[in-house]
There are 2 protein chains.
Amino acid sequence: MTRLTLALDVMGGDIGPRITIPASILALENDPELSLILFGDSQQISPLLNNCSQSILERIQVQHCSSVIENNQGISYALRHSKGTSMRLALESVQRGEAQGCVSAGNTAALMGLSKILLQPLQGIARPALISLIPTIDGEKSVMLDLGANIECSAENLYQFAIMGAIFAEARLNLVYPKIGLLNIGIEEIKGHQSIRDAANLLQKSTALNYVGFIEGDVLLNGKADVIVSDGFAGNIALKTLEGAVRNLLSLFKDKANLRFIKPILAWLFRFVFKQRYKCLKRINPDEYNGASLIGLKAVVVKSHGSANVNAFAHAIADVAFQARQQLPEKILAGLARY
Amino acid sequence: MTRLTLALDVMGGDIGPRITIPASILALENDPELSLILFGDSQQISPLLNNCSQSILERIQVQHCSSVIENNQGISYALRHSKGTSMRLALESVQRGEAQGCVSAGNTAALMGLSKILLQPLQGIARPALISLIPTIDGEKSVMLDLGANIECSAENLYQFAIMGAIFAEARLNLVYPKIGLLNIGIEEIKGHQSIRDAANLLQKSTALNYVGFIEGDVLLNGKADVIVSDGFAGNIALKTLEGAVRNLLSLFKDKANLRFIKPILAWLFRFVFKQRYKCLKRINPDEYNGASLIGLKAVVVKSHGSANVNAFAHAIADVAFQARQQLPEKILAGLARY
């Protein structure tokens, strides 16, 4: 693995440094070629680094900043008042080339807005998007975009999402000619918004892209498409609905205080015997995976869940490292020329 | 229970009469005060009634018609060519007052379009909607609308959906002052389409309605709101995603050919010990419940899943009967005046 420095906004998320700092240490332990610049309140950060080994501390640089973009700030307010915030400073360090990628669990709209201004979209990309892996019930993975960056999308936007998604799936999932589907409310060609039907026409005309048709919400987990394309509103609703359903159903397997003795044992036995399926279930659990990538920018930026735990935030850091080492933005730029 | 006659389009759905006729017989067996008029191809219907008892046959009337609205027909084509189809004839019998409600598993857009033309929206309702019950993880129920009838909605449309949903929840779930939430991609007031934010403002101003704020996809099963309001596109995506996730996860509990001897036993044990939770899971299974109501019309119309099995289609028939006996359209009309 090549040496790499990433910039972290450690103030974002529901908890802040108490999650992001232990996660940073974990990520550094897992990746000896990684260095991190931590942007945030040094008074909160320093005590959390007390028990760190010297070899980890050598790869950490803390950049103090006292202001934070809040989750409830509107995009225009947040951008106007972004100067000196942990999120903006982290992105600026990527802009200056001091870091090769950025992670934040903060305000998604502000992260996308600032990234577009500071890092800029790749040439030819009208709208960067949020993309994430989703697992299938058979243990494979698909990618899905947009997950909330663009709530209204034209047919051309959706077409570009399909191209970016295909390149992401090729690099991230090691696929050749990935199947592309459009999220819609039916599989018949008359269904859905005009923009979706027009996007379907554009995709059908492209032989370089493996378009397989409309995909309904009920088969999101079934691997009908490797790349599921949607506007950011429907995509966000679908992903969160999926996560909520899985989280609720997984709660079945967890010990409950009011369960009798047999129940935890049975739940354990169930997990053991249905190991493969349970592993697949675990993979879909939002607490076990994390990180949506802002795709279509000149650098790698990953948005962590606001509610990410230590493992999940560490996973998001590893994800940025992987994409940066894979030179994903360069691959997308090359791919755009191909299609 | 009062005597009631319902009109059935028995040709709709993926299977047609082989599902809808046994379902009709089942519904009649369960409801001795119910009579049915079956609209469809008598050559397909008659053999399926061969083993019926006389007491059931007395409450069945078959109206032969040879043409059917196909699922892949666009709304304008379907409406232009609807004359003499099983769906249209069924709705016309409601229009003439021969039946007090209608069930079809056919083309949803055509059913909504024809219902609006033949049965007409209630006075003051701009857009009838599709509404359905969804279970919560605690064994309760919520209602959700619109599920696909209106893919683009104004703030006023969403506001009316909230009113209709509240009245539906009062009648159907026996609730007082039901909690109303708007489906959105975040809980902060700056999130989502302008129409949703405007609808939130309208709902906040109404003290007669118990508006609780934005609801994200991940808490759809958690009873945060009794009435979940959305445009038809996002609502359809959310409902189907929920159904797909549950159907996939429930497949865990089913016997598989390649499972060893212990697995079916363990699955059975699991079901037995986690009985209450499993019952709740079963309730959310789309194969166990069925039927979305067209709400805001002058008569009760229920759209069954195209893939409904016999039990599910029979459930949709019972649902129409319940709503017709409850005089739901009249309750909504009275409620509209109240708010």
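All figures in this text were calculated on a predicted structure; none of them were measured in a lab. (Residues numbered from 1 in each chain as written. Chains lettered and ligands numbered in written order. Predicted model: local features only at pLDDT ≥ 70, side-chain atom pairs only at ≥ 80, totals over all residues. Heavy atoms only, no water.)

## Digging into the confidence of the model for chain A
Here comes step 1: Per-residue pLDDT for chain A averages 89, and the proportion of residues at 70 or more is 89%.
Here comes step 2: For this predicted complex, the interface confidence comes out at an ipTM of 0.86, alongside a pTM of 0.87. (pLDDT = per-residue confidence, 0-100.)

## Structural notes on the pairing of strand 8 (residues 210–215) of chain A
All names here are of chain A.
Here comes step 1: For strand 8, the tally of buried residues reaches five of six residues, placing the bulk of the element in the interior.
Here comes step 2: Where strand 7 (residues 179–183) meets strand 8, five bridges bridge the pair, whose relative direction is parallel. By the bridge assignment for strand 8, Lys 179 is matched with Asn 210.
Here comes step 3: Read as a crossover between parallel neighbours, the route from strand 7 over helix 8 (residues 194–205) to strand 8 is right-handed. (Buried < 20%, exposed > 50% of the residue type's maximum accessible area, 1.4 Å probe, protein only. Helix = DSSP H or I, 4+ residues; strand = E, 2+ residues; numbered from the N terminus. Pairing = 2+ DSSP bridges. Right-handed = clockwise from strand over helix to strand, strands pointing away.)

## A short note on helix 1 (residues 17–30) of chain A
Here comes step 1: Taking 1.5 Å of rise per residue, 14 residues should cover 20 Å, and helix 1 of chain A covers 19 Å from first to last C-alpha, within 8% of that figure.
Here comes step 2: Lining the buried residues of helix 1 of chain A we find strand 1 (4–9), strand 2 (34–40), helix 2 (42–48), helix 3 (54–57), strand 3 (60–64) and helix 12 (310–325) of chain A. (Expected span 1.5 Å × (residues − 1). Contact = heavy atoms within 4.5 Å.)

## What about the environment of Ser 55 of chain B?
All names here are of chain B.
Here comes step 1: Here Ser 55 shows up in helix 3 (residues 54–57).
Here comes step 2: For Ser 55 and Ala 199, which are 144 residues apart along the polypeptide, the C-alpha to C-alpha distance reads 51 Å.
Here comes step 3: Within the structure, the side chain of Ser 55 is placed 3.2 Å from the side chain of Ser 53, a separation counted as a polar contact. (Polar contact = N/O pair within 3.5 Å; in protein donor to acceptor, adjacent residues only side chain to side chain.)

## What to know about the sheet that holds strand 4 (residues 101–104) of chain A
Residues and elements named next belong to chain A.
Here comes step 1: Read across the open sheet, the 11 strands follow the order 3-2-1-4-11-10-5-6-9-7-8; overall the sheet is mixed. Every other strand in the sheet has two partners, leaving strand 3 and strand 8 as the edge strands with one partner each. Within the sheet, the average angular offset between the axes of one strand and its neighbour, ignoring direction, is 25°.
Here comes step 2: Alignment of strand 10 (residues 292–295) against strand 11 (residues 300–303), held across three bridges, turns out to be antiparallel. Directly across from Ala 292, in strand 11, lies its bridge partner Lys 303.
Here comes step 3: Those strands touched by helix 5 (residues 86–95) are strand 1, strand 2, strand 4 and strand 11, and its axis lies near 160° from that of strand 1.
Here comes step 4: Packed onto the sheet, helix 12 meets strand 1, strand 2, strand 4, strand 10 and strand 11 and runs at close to 140° relative to strand 1. (Axes fitted to C-alpha atoms, helices over the stretch in contact; angles between N-to-C directions.)

## Description of the packing of helix 7 (residues 155–173) of chain B against helix 8 (residues 194–205) of chain B
Residues and elements named next belong to chain B.
Here comes step 1: Remark: helix 7 packs on helix 8, axes separated minimally by 8 Å, with the N-to-C direction vectors making an angle of 50°. Considered as vectors, helix 7 and helix 8 are oriented oblique to each other. Seen along the crossing, helix 7 lies across helix 8 with a hand that is right-handed. Here Ala 155, Glu 156, Leu 158, Tyr 159 and Ala 162 of helix 7 lie close against helix 8, whose contacting residues are Ser 195, Ile 196, Asp 198, Ala 199, Leu 202 and Leu 203.
Here comes step 2: A breakdown of the residues in the contact of helix 7 with helix 8 according to their chemical character gives eight nonpolar, one polar and two charged. (Parallel < 35°, antiparallel > 145°, perpendicular 65-115°, else oblique. Left-handed = near helix turned anticlockwise from the far one by under 90°. Nonpolar A, V, L, I, M, F, W, Y, C, P; charged D, E, K, R; others polar.)

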